[in-house]
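Secondary and tertiary structure notes
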Amino acid sequence: MKIDILTLFPNMFEAVFGDSIIGRARAKGLLEINFTDIRSYTLDKHGKVDDYPYGAGGGMVMAPQPIFDAYKSVCKNGEKPYVIYMSPQGSVFNQKKASDLAQKEHIVLLCGHYEGVDERILEEIVDEEISIGDYVLTGGEIAAMAVTDAVARMISGVVQNGNSLTESHSDGLLEYPQYTRPPEFHGRTVPEILLSGHDANIKKWRRKQSLLRTKAKRPDMFEKYQLTEEDKKLLED
Ligand SMILES: C[S@@+](CC[C@H](N)C(=O)[O-])C[C@H]1O[C@@H](n2cnc3c(N)ncnc32)[C@H](O)[C@@H]1O
């Protein structure tokens, strides 16, 4: 899979995606992530990429020409990638959307700045607008990082040894509590069942904890979740 990020601030990204899990996945060739500097495509002789909004009002608007030319530069051989504009006006990102996007061959994430981008760019190249929450950021870069990270870890081989089936939001529930050594820390002990080595009982305990903590932390998710007869029994025990 390939992710192209169109931004005025490409340097923000290397530190985030050069290291750790995503950095290793890139080095292994499991996915390609490129950062394209929109400014390097401006035809303005002073290097300008924004201008005042028509109709007055405060702030600046990103001009269409540099964005369009930056976009064309990542469309090789006449291909049409799936283009997403990071925007507080988009539908709110979630795990399901991350899985869906991970199925695509090539996505382009467009990061706005200032007051946003000229509307005609949305009409001409954008397939979808995605928000990372109902608040306003100064630019789309942090949003594009969040989307890239969540999509990249859905690609086979990127996350080693993780159990994606029980992870929070994969199945409408939150994950059970996790513990590591030592068995006692500041007088708090690891639940005995996890030290028992009894796989079936550990599995049941984890399922019950997952149900209980979803109910406590995210009652909205719990209400929508379809409990099985086994789940109901676990909660009664
Ligand atoms: C200050 S915002 C522009 C907000 C715009 N004037 C509005 O009211 O809808 C600048 C840029 O940050 C990005 N951005 C801001 N909040 C975001 C969010 N919640 N999710 C995704 N991108 C966001 C977008 O790319 C946007 O173009």
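I will try to describe carefully the structure that is included in this document.

Conventions adopted
Residues numbered from 1 in each chain as written. Predicted model: local features only at pLDDT ≥ 70, side-chain atom pairs only at ≥ 80, totals over all residues. Helix = DSSP H or I, 4+ residues; strand = E, 2+ residues; numbered from the N terminus. Rg over C-alpha atoms; globule rule 2.2 N^0.38 Å. Buried ≥ 20, exposed ≤ 12 C-beta atoms within 10 Å, placed from the backbone. Contact = placed C-beta atoms within 7 Å. Near = placed C-beta within 6 Å. Nonpolar A, V, L, I, M, F, W, Y, C, P; charged D, E, K, R; others polar. Pairing = 2+ DSSP bridges. Right-handed = clockwise from strand over helix to strand, strands pointing away. Axes fitted to C-alpha atoms, helices over the stretch in contact; angles between N-to-C directions. Core = buried A, V, L, I, M, F, W, Y, C linked by C-beta atoms within 7 Å.

Some thoughts on the overall build of the protein chain
Helix and strand content of the protein chain: 10 helices and nine strands. In terms of overall dimensions, the protein chain is more spread out than a globule: its C-alpha atoms have a radius of gyration of 22 Å, far above the 18 Å expected for 237 residues. Projecting the C-alpha coordinates of the protein chain onto the three principal axes gives extents of approximately 70 × 40 × 40 Å. Here the protein chain, with 237 residues, has 24% of them falling under the buried criterion. Counting only contacts in the protein chain whose residues sit at least 6 apart along the sequence, the fraction spanning at least 24 positions is 76%.

So, the site of the ligand
Around the ligand, a shell composed of 19 residues is seen, among which M86, G112, G116, G140 and A143 lie nearest. Among the elements that take part in the shell around the ligand, strand β5 (residues 82–92) stands out by supplying four residues, more than any other. Taken together, the residues of the shell around the ligand break down into eight nonpolar, 10 polar and one charged.

Focus on unusual backbone geometry
Cis geometry marks the peptide bond from R181 to P182, where omega comes out at 5°. One can find P182 in the loop between α6 (141–152) and β8 (184–185). Its identity as a non-glycine residue notwithstanding, A56 has a phi of 70°, on the positive side.

Comments concerning the pairing of strand β6 (residues 106–111)
With respect to burial, β6 is a largely interior element, five of its six residues being buried. Bridge count between strand β1 (residues 2–7) and β6: five bridges; the pairing is parallel. Bridging across to β6, K2 finds its partner in H106. Note: β5 against β6, five bridges, orientation parallel. Within the sheet, the bridge partner assigned to V83 lies in β6 and is V108. Crossover handedness for the path β5 to helix α4 (residues 95–102) to β6: right-handed.

Digging into the sheet that holds strand β2 (residues 32–37)
Across the sheet, which stays open at both edges, the five strands sit in the order β2-β1-β6-β5-β7 with parallel pairing between neighbours. Unpaired on one side and paired on the other, β2 and β7 (128–131) mark the two borders of the sheet. Averaged over all pairs of adjacent strands, the angle between their axes in this sheet comes to 35°, without regard to strand direction. The sheet strands contacting α6 are β1, β2, β5, β6 and β7, and the helix crosses β6 at an angle near 155°.

Notes on the environment of E167
Residue placement: E167 occurs in the loop between α6 and β8. You can call E167 partly exposed: it has 15 C-beta atoms within 10 Å. Each C-alpha atom, one on E167 and one on S210, is 9.7 Å from the other, the two residues being 43 residues apart in sequence.

Focus: the environment of S87
Inspection of the secondary structure assignment puts S87 in strand β5. S87 gets classed as buried once you count the C-beta atoms within 10 Å, which come to 22. As for S87 and A150, which are separated by 63 residues in sequence, their C-alpha atoms are 17 Å apart.

Looking at the nonpolar core
Within soluble globular proteins, side chains that are nonpolar tend to cluster in buried spots. Counting 38 residues, the largest nonpolar core has L6, I67, I84, M86, L109 and L110 as the members making the most contacts within it. At the level of elements, β1, α2 (20–27), β2, α3 (64–74), β5, β6, α5 (119–125) and α6 are the ones that each hand at least two residues to this core. The element that contributes the greatest number of residues to this core is α6, accounting for six residues. Those residues in contact with L6 that lie beyond four places of it in its chain are T36, I38, I67, A70, Y71, V108, L110 and C111.

A few points about the pairing of β1
Looking along a regular strand, one sees the side chains alternate between the two faces of the sheet. Most of β1 is tucked away, with five of its six residues classed as buried. Sheet topology note: the β1/β2 ladder contains six bridges and is parallel. Across the sheet, T7 pairs through a bridge with D37, a residue of β2.

Description of the environment of R206
Along the chain, the position of R206 falls in helix α8 (residues 199–217). For the pair formed by R206 and T166, sequence separation is 40 residues and the distance between their alpha carbons is 9.4 Å.

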